[in-house]
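Here are the chains, one letter per residue:
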Amino acid sequence: NAGVTQTPKFRVLKTGQSMTLLCAQDMNHEYMYWYRQDPGMGLRLIHYSVGEGTTAKGEVPDGYNVSRLKKQNFLLGLESAAPSQTSVYFCASSYSKRDGSYEQYFGPGTRLTVT
Amino acid sequence: SQQGEEDPQALSIQEGENATMNCSYKTSINNLQWYRQNSGRGLVHLILIRSNEREKHSGRLRVTLDTSKKSSSLLITASRAADTASYFCATEAMNRDDKIIFGKGTRLHILP
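Residues numbered from 1 in each chain as written. Chains lettered and ligands numbered in written order. Predicted model: local features only at pLDDT ≥ 70, side-chain atom pairs only at ≥ 80, totals over all residues. Heavy atoms only, no water.

### Here we look at the interface of chain A and chain B
Residue-level contacts link 24 residues of chain A with 24 residues of chain B. Summed over both partners, the interface of chain A with chain B buries about 1,800 Å², with 52% contributed by carbon and sulfur atoms. Inspection of the chain A/chain B interface yields 0 salt bridges. At the junction of chain A with chain B, the criterion picks out 3 residue pairs in polar contact (both at pLDDT 80 or more). Grouping the constituent residues of the side of chain A that touches chain B by class yields 12 nonpolar, 7 polar and 5 charged. (Contact = heavy atoms within 4.5 Å. Buried area = accessible area lost by both parts, 1.4 Å probe. Salt bridge = Lys/Arg side-chain N within 4 Å of Asp/Glu carboxyl O. Polar contact = N/O pair within 3.5 Å; in protein donor to acceptor, adjacent residues only side chain to side chain. Nonpolar A, V, L, I, M, F, W, Y, C, P; charged D, E, K, R; others polar.)

See the structure below:
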């Protein structure tokens, strides 16, 4: 199993450009999450999904959109990138709570720089 | 706002010593988890402790939870160079909103 994979690994955008980050998991997990990690700030939850076709806002959702059209994929979109969105983005997935497991599995991260 | 706050922010100890990190949180929780992050990598789950548990062990890891003080500690015994990493606590609030909220982390450096 590949676990959680993220595409791309690195990206540089100019202010105002758009892009989509792709997260894929092959563990049949119900829940998927997008986080951003900034120096001294830890991980902050952007959006999350508790199942195919559902999404919800996290702590810092502004400037981002997400879609979960397929259970194994969770897409994070930036419609108009801003320098404040320079960060490392992590995707994670987990089983649903009814399975009694809460462990999150993380991808390797995407390093995004907006100039 | 973040739920968990780790203390200290950074910790350097000699190899072989024990390392203790603390996490405080604000609201009632269902469970608390600890994760490790090696430089440039994603987070890896270490251990989960439920709100009705007070202590849990996994290998060289020992986690305690004090819900009355809203705090948890992670003890790594007999530290090794490979333990050098950042450690994060993460909490699931009791409001069942399915979110896991992470703290800012403790950077642990094991000196040879």
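### What about the sheet that holds strand E7 (residues 61-66) of chain B?
Residues and elements named next belong to chain B. Strand order in this open sheet of 5 strands is E1-E3-E8-E7-E6, and the pairing throughout is antiparallel. The sheet is open, and its two borders are formed by strand E1 (5-7) and strand E6 (55-58), each paired with just one other strand. For this sheet, the mean angle separating the axes of adjacent strands, direction not counted, is 20 degrees. Relative to strand E3 (residues 19-24), E1 runs antiparallel, the two sharing 3 bridges. (Pairing = 2+ DSSP bridges. Helix = DSSP H or I, 4+ residues; strand = E, 2+ residues; numbered from the N terminus. Axes fitted to C-alpha atoms, helices over the stretch in contact; angles between N-to-C directions.)

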